[in-house]
Amino acid sequence: MDDHQTATRHSPEATVAETAPIHDDDHTIQDEPNQGVTKTLTSVYSNYLLNILASSSSNFIGKLSFLSRRTRALSYFSIFRRRRACLPLPLPSYSPESSLVVKEASGVYDVLEDIIEHVLINLHNVRKHLHFWQCRAEGSDSRKLYFMMFERGPMAFIDGTVKLLRQCMTEGPTSMHRVSQSASVYMSERLAVLTELRRALATFLAEVYMEVDKCGEALVKDPEKSFPSLLITLNGFFSNLEASIGHLHAARQTDSSVDGSYSFPLVFETLPEVNQEGSQWTGCEIKDAINLVNKNLQKLDSYISDIVAKHQKPKKVTQYWVRYTCGAVGLSVCSMWLIKHSRLVGSPDIDNWIREAKESTVSFFSDHVEQPLLSIRDELFDTFRKRHKGVMEVEEVQLTAKSLHRMLMAFTEQTKGQKVPENASEQELLEIVMNRYEKELMHPIQNLLSGELARGLLIQVQKLKLDIETAMLELDQILKANEINFAVLAALPAFFLSLLLLMVVRAWFKRDTKAEGKGRIARRQRRLLLVEVEKRIMQYQTFIDQGLEKESQCMFGLMLCSLDRLFHAVQGHAEATGEWQCLKQDILDLGKPGIQTTYKLVVTSRMERVYECLLPSLKQQ
């Protein structure tokens, strides 16, 4: 059948001709020609248009769902790829010059780095969600109940509240235990899937990394010859990965708490047998094989993103929806209150408050910043020269002291009848005066008129005056000296506000919440990453000694994931201190499968003792 006949058969007119009623009676045809033809055309065209719309809409929806999954998978990858550097390949004499030669020759490094990078990114994504569910699963029953009620969104809160009330009415106190068990099942289901996914990805990463390490010399010397065999091996690794995580598509239980269903199974494309048999591949065959690897990586990203999206931790908005709701209600109430006191309703309250706040700010700045600083400046640079006259001056005190000394000298010379030495101390003269005063008190009335009793009293009054003036002078000097302290105390509120603002700016600048930051918390996280690497190295050696090949490969892949995180966390700090070349080589040595475990443990011990970015902070030493 040619194209013309095919088009004719499927055309609406042909369909009309085939489905139109045929009568033998010509009279019947002539009596009702319009009615039959109209009904037939209407039904045919309506069915035809509905079929077209149904097929196009289904195809469009399918394409949209695929593109959304693809965009979700690749957008995360593109963002992550721009943001971080991947762990280098375990090739001998790895340098930018040698890698450039190999890239220009066959593009081997591009394919291998893409595989490592894709798997590491997916591992980091799975690890993030797995860590969240592990923390929730290890919590107490009350913490699990709080999560089930308040951290899964408003709809889950309503459904959980209704179910809890029903169970409390029917079962009594045991309903809380039932809710805790359901929370454990809810978390364990996600933990099981994510753990299996991490195990499969870690094993695949270890297989690829070990194979690259095994073929490293051949890849550097003759990449064109060794690359086809490596592609065949990678094809087998993809098949193993498909077998290890492909069952997740069918392992979902009917009563599962995971929303939705898996959209598609994971099926990788394999190399054609004609390419696997030849020892020397042409350029087109190598290019086709590389494209096939890229397609498999895209399928892996889409499949992993689809599974992780169904088992991921709740988003921040979902976890803290109660806080956000309260904040939104509070903001609404505050907005209504502001509108009530604004110009929109003719109220001058907000304008008055703004003016008062402005005046208060200016007054605070003048009283606690400007004036104290000016006072401190005057105290530091002008000392006491520009001060007002105090209560007591030094000259007055000296004048009183000289007058008392002369009075003591004159009294002593008159009572003893001899000249007193000029170097006699004031204490000695006062002893003479007090001894004479005691004798005069034996006959106070007689000596008050004819003796020296009155002069002794006046000398003591002069002494008391001198003591009071000396005390007042010292007090005045103390007050003057403490004026700078009073000025500092007045400036303390502004100082504390400035210190608080400086601490906020410092915390934002250092970004101390992640391992890439500059503060003590980031330094501690980098050291914990090194401890995690050391722990996985020991576990890997333990599985090797026990002969557990699969478990050892999985642990080696997890160690590479930890090394990649450490590699990215220390790169910026080590480049700033000039330690990056040595530290990078140590990290690469930790990832090489052929190096003994004892040497790797020595390397980890040296790293935490030598490199500045991994040293403990000064406050911890």
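Every value quoted in this text rests on a predicted model; they were computed, and no experiment measured them. (Residues numbered from 1 in each chain as written. Predicted model: local features only at pLDDT ≥ 70, side-chain atom pairs only at ≥ 80, totals over all residues. Heavy atoms only, no water.)

1. A short note on the overall build of the chain
Formally: By the criteria applied, helices consist of DSSP H or I runs no shorter than four residues and strands consist of E runs no shorter than two, each listed in order from the N terminus. Exposure is judged per residue with a 1.4 Å probe applied to protein chains only, and the accessible area is read against the type maximum: over 50% gives exposed, under 20% gives buried, and values in between give partly exposed. Here, residues are in contact when the closest pair of their heavy atoms is within 4.5 Å.
If you tally the helices and strands in the chain, you get 25 helices and 0 strands. Expressed as a percentage of the 621 residues in the chain, the buried residues total 34%. Once local pairs closer than 6 in sequence are excluded, the contacts in the chain between residues at least 24 apart make up 72%.

2. Regarding the packing of helix α6 (residues 108–137) against helix α23 (residues 549–577)
What counts is decided by this rule: For helices, the axis comes from a line fit to the C-alpha atoms of the stretch in contact; other axes are also lines fit to C-alpha atoms, and the angle between any two N-to-C directions lies between 0 and 180 degrees. Put simply, angles under 35 degrees are roughly parallel, angles over 145 are roughly antiparallel, angles from 65 to 115 are roughly perpendicular, and the rest are oblique. Ten residues, namely Ala, Val, Leu, Ile, Met, Phe, Trp, Tyr, Cys and Pro, are considered nonpolar, four, namely Asp, Glu, Lys and Arg, are considered charged, and the remaining ones, Gly among them, are considered polar.
One can describe the packing of α6 onto α23 by two numbers: an axis separation of 10 Å at closest approach and a directional angle of 90 degrees. The orientation of α6 with respect to α23, classified from their angle, is roughly perpendicular. Contact residues: α6 offers L120, L123, H124 and R127, while α23 offers G557, L560, C561, D564 and R565. Broken down by class, the residue content of the contact of α6 with α23 amounts to 4 nonpolar, 2 polar and 3 charged.

3. So, helix α24 (residues 580–591)
Each α-helix winds once per 3.6 residues, and so residues spaced three or four apart point in a common direction. Our working rule: For a helix, the expected span equals 1.5 Å multiplied by the number of residues minus one.
The first and last C-alpha atoms of α24 sit 16 Å apart over 12 residues, in line with the 16 Å expected at 1.5 Å per residue. For α24, the complete set of buried residues consists of W580, L583, D586, I587, L588, D589, L590 and G591.

4. What to know about the environment of V533
Inspection of the secondary structure puts V533 in helix α22 (residues 520–546). Relative accessible area serves as the criterion here: at 0%, V533 is assigned to the buried category. Note: C-alpha distance between V533 and G591 (58 residues apart in sequence) is 9.8 Å. In contact with V533, not counting residues within four places along its chain, are M559, S562, L563 and L590.

5. Focus on the environment of A522
Looking at the secondary structure, you find A522 in helix α22. For A522, a relative accessible area of 0% translates into the label buried. The spatial distance from the C-alpha of A522 to the C-alpha of L614 is 9.9 Å, given a sequence separation of 92 residues.

6. Considerations on the nonpolar core
We apply this condition: For our purposes a nonpolar core is just a set of buried Ala, Val, Leu, Ile, Met, Phe, Trp, Tyr and Cys residues, chained together by side-chain atoms within 4.5 Å.
The biggest cluster of nonpolar side chains holds 89 residues, and the ones touching the most others in it are I115, L197, I245, I304, L583 and M607. With 16 residues, the top contributor of residues to this core is helix α9 (residues 174–214). Apart from residues lying up to four places away in sequence, I245 is in contact with L197, A200, L266, L300, Y303 and I304.

7. So, the pattern of salt bridges
Rules: By salt bridge we mean one thing: a side-chain nitrogen of Lys or Arg within 4 Å of a carboxyl oxygen of Asp or Glu.
Inspection of the entire model under this criterion finds 12 salt bridges. We note a salt bridge from E211 to K214, for which the minimum N-O separation is 3.8 Å. You can see E211 and its partner K214 sitting in helix α9, 3 residues apart, about one turn around the helix. Residue classification places K214 among the exposed residues on the basis of a relative accessible area of 65%.

8. Quick look at the side chain of T604
Position of T604 among the secondary structure elements: in helix α25 (residues 597–610). With residues near it in sequence (within four places) discarded, T604 still touches L530, E534, I537 and L590.

9. A short note on a nonpolar patch on the surface
Selection rule: Two joining distances apply to patches: 9 Å for like charges and 5 Å for nonpolar side chains (Val, Leu, Ile, Met, Phe, Trp, Tyr), and every residue must have over 30% relative accessible area and no salt bridge. All accessible areas in this document rest on Shrake-Rupley with a 1.4 Å probe, and a residue is counted as covered only by the protein chains that are shown.
Side chains of F495, F496, L499, L502 and M503 sit close together on the surface and give an oily, nonpolar patch of about 540 Å² of accessible area. Secondary-structure assignment places F495 in helix α21 (residues 483–510).

10. Observations regarding the packing of aromatic side chains
How two aromatic rings sit relative to each other is set out by the distance from centre to centre and by the angle between their planes. Rule in force here: Only centres within 6.5 Å qualify two rings of Phe, Tyr or Trp (six-membered ring in Trp) as a pair; their planes then separate them into stacked at under 30 degrees, edge-to-face at over 60, and tilted for everything else.
Taken as a whole, this structure holds 14 aromatic pairs when the rule is applied. When the centroid spacing of 6.3 Å and the interplanar angle of 55 degrees are considered together, the rings of Y209 and F556 count as tilted. Residue Y209 is found in helix α9, and its partner F556 is found in helix α23; the two are separated by 347 residues along the sequence. With a centroid separation of 5.3 Å and an interplanar angle of 50 degrees, the aromatic rings of Y540 and F556 are classed as tilted. Taken together, the residues span a long stretch of sequence, with Y540 in helix α22 and F556 in helix α23 at a distance of 16 residues. Accessibility assignment for this pair places Y540 and F556 in one class, buried.

11. Let's talk about the confidence of the model for the chain
Cut-off, in case you're wondering: Confidence scores per residue from the predictor, reported as pLDDT, run from 0 to 100.
The share of residues in the chain with pLDDT of 70 or more is 73%, and the mean pLDDT across the chain is 76. The low-confidence segment residues 1–41 (pLDDT under 50) makes 18 contacts with residues lying over four places distant or belonging to another chain. For residues 94–106, every residue scores under 50 in pLDDT, and the model assigns this stretch 19 contacts once sequence neighbours within four places are set aside.

12. Digging into the packing of α6 against helix α11 (residues 223–245)
Where we set the bar: Rotating anticlockwise by less than a right angle from the far helix to the near helix defines a left-handed crossing, while the corresponding clockwise rotation defines a right-handed one.
Orientation of α6 relative to α11, taken along the N-to-C sense of each, is 25 degrees, at an axis distance of 11 Å. In terms of orientation, α6 and α11 fall into the roughly parallel class. By crossing handedness, the relation of α6 to α11 is classed as left-handed. Judged by residue contacts, V108, V111, L112 and I115 of α6 engage P223, F227, L230 and L234 from α11. Tallied by class, the residues present in the contact of α6 with α11 amount to 8 nonpolar, no polar and no charged.

13. Focus on the environment of K463
Residue position: K463 is located in helix α20 (residues 453–481). For the pair K463 and S403, spaced 60 residues apart in sequence, the C-alpha to C-alpha distance is 9.8 Å.

14. Side note on α23
Basically, it comes down to this: Fitting one axis to the seven residues ending at a residue and another to the seven starting there, the bend at that residue is the angle between the two axes.
In this model, α23 (29 residues) spans 40 Å end to end at C-alpha, consistent with the 42 Å of a helix rising 1.5 Å per residue. The sharpest bend along α23 reaches about 40 degrees and sits at Q571. Across the 29 residues of α23, 21 count as buried, placing the element largely inside the fold.

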